[in-house]
Amino acid sequence: MRYLEKNHPEHTFCYLDIAPKLKSLEKDFSAAAEELQAAEMLIFSYPVYTFLAPYQMHRFLELLKDSKVDISGKWSTQFTTSKHFFDTTAHRFIKENMLDLGLKVLPGLSADMEDLLTQKGRRELENWQEMTKLRINLGSYEGGNRRSREETVRFYGQQVEETLKTSDRNISIVTNADENDIPLRNMIADFQHALTFKSTVYNIKEYPFSGGCLGCFSCAKNGKCIHRDGFDSYLRNEIQNASGIVYAFRIKNHFTDSSMKCYDDRQFCNGHRAVTAGRPTAYIIAGDLSNEENLRTLIEARASVGANYLSAIATDETADTVKSITDAAKAFSHSIEKDIVEPRNFYGIGGNKIFRDLVYEMRGLMKADHRFYKANGYYDDFPQHHKKRVLFMNFVGMLLSLPGAEKKKWMMTKGMLTPYEKVLKENA
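Conventions adopted
Residues numbered from 1 in each chain as written. Predicted model: local features only at pLDDT ≥ 70, side-chain atom pairs only at ≥ 80, totals over all residues. Heavy atoms only, no water. Pairing = 2+ DSSP bridges. Helix = DSSP H or I, 4+ residues; strand = E, 2+ residues; numbered from the N terminus. Axes fitted to C-alpha atoms, helices over the stretch in contact; angles between N-to-C directions. Contact = heavy atoms within 4.5 Å. Buried < 20%, exposed > 50% of the residue type's maximum accessible area, 1.4 Å probe, protein only. Core = buried A, V, L, I, M, F, W, Y, C linked by side-chain atoms within 4.5 Å. Expected span 1.5 Å × (residues − 1). Salt bridge = Lys/Arg side-chain N within 4 Å of Asp/Glu carboxyl O. Right-handed = clockwise from strand over helix to strand, strands pointing away.

Draft legend 1. Up close: the sheet that holds strand β9 (residues 310-315). Within the open sheet, the five strands sit side by side as β6-β5-β7-β8-β9. Their pairing is parallel. Only two strands of the sheet have a single neighbouring strand rather than two, namely β6 (197-203) and β9. The average angle at which neighbouring strand axes cross in this sheet is 20°, direction not considered. Alignment of strand β5 (residues 166-175) against strand β7 (residues 244-250), held across five bridges, turns out to be parallel. Residue S172 lies in a different strand from β7, and its bridge partner there is I245. The sheet contacts of helix α7 (residues 182-194) involve β5, β6, β7, β8 (281-286) and β9, and relative to β8 the element is tilted by about 145°.

Below is the structure:
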């Protein structure tokens, strides 16, 4: 947070340190209430502890709700540091509480504890700030009025003025829209109008699949599918040869029409390789997404595992479908223009390591995967390769076991923070 403050002097950052002040806040919450009411935006910043936010943050939220202070309508987001172990559940917990308080909720950032020390990590932090500012300018957030489940959603589309297109990049829009699903087709058309890039729609329901994935591992050798319907070439040379990919579908049976699952499964011709890593993704969804928790988890996890920035989700369940579509198209276009990337969360970090270990063990069979993982440094993350760090931790452990070391544990915390202070000075 101090790094963002130093790099954005146009904003005033005020810190409410709740952990050391918790006892006093329990006695008198009025000063905190005044600070919260004076703020234009609230950033809940905390380290992830045991799947959620620390106890102090839980207690603070209880005090905040009990105080009945009205902070509804303010912008809000969250920023965490962790080793990405269930950062996802921590973020959802805070998000649900932000929605309870009537705040305008923006996507948060989950950083690795050491991200600030790397150029990549600092860039991801700045990307997050960039997209946060864009969403505020668009007035795009979670927490607005939604249609009731009983209300019939009618969206006639074709209401968005065509945006001037640049010719340097192309977007792939993958859909399984039925011929008679006019509302979904109109959502796609309006999204295309609002994009600043050219786009191509691929309706996979019309593709002549000869069958689903057989799990035969024939593609593990050279990436070629045993089916002779040409889908592997079509996928790589057409759909995935784009600057970003958008998925558009109608919710059905808590996912969508089975044709999309056939499409997903047949992508196994790419093995466990994140071949579109670094390219943003977005979704256009018709249906009651807010009540489909598992589907929302699936969308988030797939983006993180594939290292694709999930820039936006447009739905027709909001009070203003046109705004949802245009805002999503603008956010998606902006993420491509600025080459926005973000750190992977627990889904991406955990999933990647599971795949990495699997591929390494089965490299004799998964030859194409193994070549990709080796070339892209996936095996560099093996802990046994970090010999210097292991030796240093052994040295620290030895020092802490010496007589009198218990009284000087504060020095360890100070030592941990020293590299970050250096970054703040160098990047001020």
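Draft legend 2. Structural view of the side chain of H8. Tracing the backbone shows H8 in the loop between α1 (2-7) and α2 (18-27). Exposure remark for H8: the relative accessible area of 12% places this residue in the buried category. If we ignore the near neighbours within four places in the chain, the residues touching H8 are F13, Q129 and K133.

Draft legend 3. A look at the nonpolar core. Formed by 30 residues in total, the largest nonpolar core has its most connected members in I171, F191, V246, I284 and F332. Contributing elements (two or more residues each) for this core: α6 (119-138), β5, α7, β7, β8, β9 and α12 (321-337). Of all the elements, α12 adds the most residues to this core, at seven residues. Ignoring any residue separated from it by four or fewer positions in sequence, one finds F332 in contact with I171, F191, L195, G244, I245, V246, P280, T281, A282 and S311.

Draft legend 4. Local environment of α6. Taking 1.5 Å of rise per residue, the 20 residues of α6 would be expected to cover 28 Å, and the 29 Å separating its terminal C-alpha atoms lies within 8% of that figure. Every buried residue of α6 is accounted for by G121, R122, E124, L125, N127, W128, Q129, M131, T132, L134, R135 and L138. Just past α6, the residue G139 takes up positive phi, approximately 70°.

Draft legend 5. Structural detail: the pattern of salt bridges. Within this structure, the stated rule accounts for 23 salt bridges. Members of the salt-bridge network, linked through shared partners, are D178, K205, K252 and D257.

Draft legend 6. Quick look at the environment of T118. Here T118 shows up in the loop between β4 (109-112) and α6. Here the alpha-carbon distance between T118 and S210, two residues 92 residues apart in the chain, equals 47 Å.

Draft legend 7. Highlighting the environment of C269. Along the chain, C269 falls in the loop between α10 (258-266) and β8. Looking at C269, the relative accessible area reads 3%, which means it is buried. Excluding residues that lie within four positions of it along the chain, C269 makes contacts with C219, G223, C225, D232, L235 and R236.

Draft legend 8. View of the pairing of β8. Burial analysis of β8 places six of its six residues in the buried class, the great majority of the element. Burial along β8 is two-sided: the face carrying T281, Y283 and I285 and the face carrying A282, I284 and A286 are both buried. The sheet contact formed by β7 and β8 spans six bridges and is parallel. Within the sheet, the bridge partner assigned to Y247 lies in β8 and is Y283. Note that the unit made of β7, α10 and β8 has a crossover that is right-handed. Where β8 meets β9, five bridges bridge the pair, whose relative direction is parallel.

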